[in-house]
Amino acid sequence: MGLLIKNAVIVNNDKIWDKPHDILCEDGKIVKIASTIDVKGHEVVDARAKKVLPGLIDIHVHFRQPGREDKETIETGPKSAVKGGFTTVMCMPNTTPVIDNPMTVEYVIREAKRVGLCNVLPIGALTKAQKDEELTDMAELKSAGCIAFSDDGKSVLNSRLFRLAMEYAKMLDVLILEHCQDPLLTSGGVMNEGAVSTRCGLKGDPAIAESVTIARDIEIANYLNARVHICHVSIKRGCELIKMAKAQGIKVTAEACPHHFSLTDEACATFDTSTKVNPPLRSQEDVDAIKQAIKDGTIDCIVTDHAPHTKEDKEVGFDGAPFGLIGLETSLGLTIKELVKPGIIDLPTMVEKMSSAPARIVGLKTKGSIKEGLDADITIIDENKEWTVTKEGFASKSKNSPFIGWKLVGEVAYTIYEGKIVYKA
Ligand code: DOR
Ligand code: ZN
Ligand code: ZN
């Protein structure tokens, strides 16, 4: 049978519909949207007083399977995703072993289908074992199901390899996502280089480690007339470079993470290792620039870079802890609190950044909008509901969040994937 959503105030990336509508979902698709629909035998969801959005899409998460199932799995990761309102996620290949061969790609896809909570798209590695020495067989990985490629966790430092990868990606029409951070400039830094790192006596990672790599990637994209997607932009200079590139017609897209617009490097002064992330939390000036870049379109989309780590791994000194924080369940609440409520962006723009643009960037033609004929991936939210982040509340297997104790605005009421309720508050 199907699903009938009653009294839906639909928010697409262009507008909030002024009158409530009913949405009929059958066989995983949105088959009809009308002011009232009367059918028998369908499961009914009443969306009165809520907002009905296309399912959120996060094109940058880390599930740790295969290899570190103690941190997250392809079962717990999607549980966390749907609790956060996401119906599609793309997972990075820095697992053990690395997702650099068709067998591992097929394994991830098979496991995600078995779990069946949301759409999980594995990102293939750009270089074998992410060693920056030899390219993977991107054509073979594409046949296995990869529509995007990355060595996330680090940059492809070898510019000749990166150029070749961009040429192949252009031929195959797949997306390259690049983690921009020159390790020679980063040189063991564990937080943003600046006054706070000096005060804390922690080794700083300078903004230029990020900006030089962004600049290189833009240059290669321009030279080849190829596409590149810049991951987790965290600095003002990065926004400036991307804005200039876009103005010149260079095919660059970019993402930013909620933690980079919600926290500054002052948060690291607590020595709470859940604030240790790559690229690091930056200055207030950078935070302001990221918000502005989201508003003006320089930053195309919001992603979480959901990076689960165990308590044991994080409960060490700041220097020794792994980089990363979990983000799937706080992304919507932080975006509404930090961007929508202060009037920096409106709800349709939030839908653009969290669903429509990510769908477009990776080429998901049947997602990213609530429209007859498209996939019935739908997120119903109460955008005014306040809630407090707790450790116990996380569906993720890991709890490494710097937002525990924060009051957020905007709660997911229902997540609907392929016409089925996969999460209910
Ligand atoms: O903080 C991060 N964690 N940044 C990355 O680039 C990798 C990620 C991880 O895999 O833990
Ligand atoms: Zn990264
Ligand atoms: Zn990442």
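**Q** Explain the packing of aromatic side chains to me, and be specific about the residues and the numbers.
**A** Inspection of every chain in the model, using the stated rule, returns two aromatic pairs. Positioned over the ring face of Phe323 is Lys276, at 4.6 Å from the centre of the ring.

**Q** Explain the coordination of the zinc ion (ligand 2) residue by residue, including any values.
**A** The coordination sphere of the zinc ion (ligand 2), as far as protein atoms go, consists of Asp152 (OD), His179 (ND1) and His232 (NE2), spread over 2.0 to 2.1 Å. Between the four donor atoms coordinating the zinc ion (ligand 2), the angles at the centre fall across 82 to 130°, so the site counts as irregular. Read in sequence order, the donor residues for the zinc ion (ligand 2) give the motif D-x26-H-x52-H. Between the zinc ion (ligand 2) and the zinc ion (ligand 3) the interatomic distance comes to 3.4 Å, and Asp152 is a ligand of both metals. Of this pair, His179 sits in the loop between β10 (175-178) and α5 (183-186) while His232 is found in the loop between β13 (228-230) and α8 (236-247), placing the two residues 53 residues apart along the sequence. For His179, a relative accessible area of 2% puts it in the buried group.

**Q** Lay out the sheet that holds strand β7 (residues 86-91) with the relevant residues and their values.
**A** Taken in spatial order, the three strands of this open sheet run β6-β7-β8, and their pairing is parallel. The open sheet has two edge strands, β6 (56-61) and β8 (119-122), and neither has a second partner. The average angle at which neighbouring strand axes cross in this sheet is 15°, direction not considered. Across the sheet, helix α13 (residues 347-362) lies against β6 and β7, angled at about 60° from β6, the strand it touches most.

**Q** Help me get a handle on the coordination of the zinc ion (ligand 3), residues and values and all.
**A** The zinc ion (ligand 3) binds to the protein through His60 (NE2), His62 (NE2), Asp152 (OD) and Asp305 (OD), with metal-donor distances spanning 2.0 to 2.1 Å. In this structure, the zinc ion (ligand 3) is coordinated by four donor atoms arranged in irregular fashion, with angles at the metal of 86 to 175°. The sequence pattern formed by the donor residues of the zinc ion (ligand 3) is H-x1-H-x89-D-x152-D.

**Q** Describe the site of ligand 1, and please don't skip the residues or the numbers.
**A** In the neighbourhood of ligand 1, 13 residues make up the surrounding shell, with Arg64, Asn94, His179, Asn278 and His309 lying closest. Here an oxygen atom of ligand 1 and a side-chain polar atom of His62 are 3.3 Å apart. His179 places a polar side-chain atom, nitrogen or oxygen, 3.0 Å from an oxygen atom of ligand 1. Summarising the interface, the protein chains cover 93% of the accessible area of ligand 1, which totals 290 Å² for the free molecule. Class assignment for the residues of the shell around ligand 1 results in three nonpolar, seven polar and three charged.

**Q** Tell me what's going on with the environment of Thr310, and back it up with residues and numbers.
**A** Inspection of the secondary structure puts Thr310 in the loop between β15 (301-302) and α11 (311-314). Under the relative-accessibility criterion, Thr310 is labelled buried at 9%. Counting along the chain gives twelve residues from Thr310 to Pro322, while the straight-line C-alpha distance between them is 9.7 Å. With near-sequence residues (within four places) excluded, Thr310 lies in contact with Arg68, Asp70, Lys71 and Ser398.

**Q** Hey, could you go over the environment of Asp46 for me, with residue numbers and the actual values?
**A** Following the sequence through the fold, Asp46 ends up in strand β4 (residues 43-46). For the pair Asp46 and Leu4, spaced 42 residues apart in sequence, the C-alpha to C-alpha distance is 8.5 Å. Residues contacting Asp46, with those up to four places away along its chain left out, are Lys6 and Asn7. A polar contact is formed between the side chain of Asp46 and the backbone nitrogen of Arg48, at a distance of 3.0 Å.

**Q** Give a detailed account of the packing of helix α4 (residues 159-172) against helix α7 (residues 207-224), specifying residues and quantitative values.
**A** Look at α4 against α7: their axes get within 10 Å of each other, and the N-to-C directions meet at 45°. For the element pair α4 / α7, the angle class is oblique. Considering the relative orientation of α4 and α7, their crossing is right-handed. Contacts from Ser159, Phe162, Arg163, Met166, Glu167 and Lys170 in α4 reach Arg216, Asp217, Ile220, Ala221, Tyr223 and Leu224 in α7.

Analysis parameters
Residues numbered from 1 in each chain as written. Chains lettered and ligands numbered in written order. Predicted model: local features only at pLDDT ≥ 70, side-chain atom pairs only at ≥ 80, totals over all residues. Heavy atoms only, no water. Phe/Tyr/Trp six-rings, centres within 6.5 Å; stacked < 30°, edge-to-face > 60°. Lys NZ or Arg CZ within 6 Å of the ring centre and 35° of its normal. Donors = N, O, S within 2.8 Å, 3.2 Å for Na, K, Ca; no water. Tetrahedral: all angles 85-135°; square planar, octahedral: opposite > 155°, others 65-115°. Helix = DSSP H or I, 4+ residues; strand = E, 2+ residues; numbered from the N terminus. Buried < 20%, exposed > 50% of the residue type's maximum accessible area, 1.4 Å probe, protein only. Pairing = 2+ DSSP bridges. Axes fitted to C-alpha atoms, helices over the stretch in contact; angles between N-to-C directions. Contact = heavy atoms within 4.5 Å. Near = heavy atom within 4 Å. Polar contact = N/O pair within 3.5 Å; in protein donor to acceptor, adjacent residues only side chain to side chain. Areas by Shrake-Rupley, 256 points an atom, 1.4 Å probe, with all protein chains shown as cover. Nonpolar A, V, L, I, M, F, W, Y, C, P; charged D, E, K, R; others polar. Parallel < 35°, antiparallel > 145°, perpendicular 65-115°, else oblique. Left-handed = near helix turned anticlockwise from the far one by under 90°.

Function-wise, these values are silent; they only describe arrangement.
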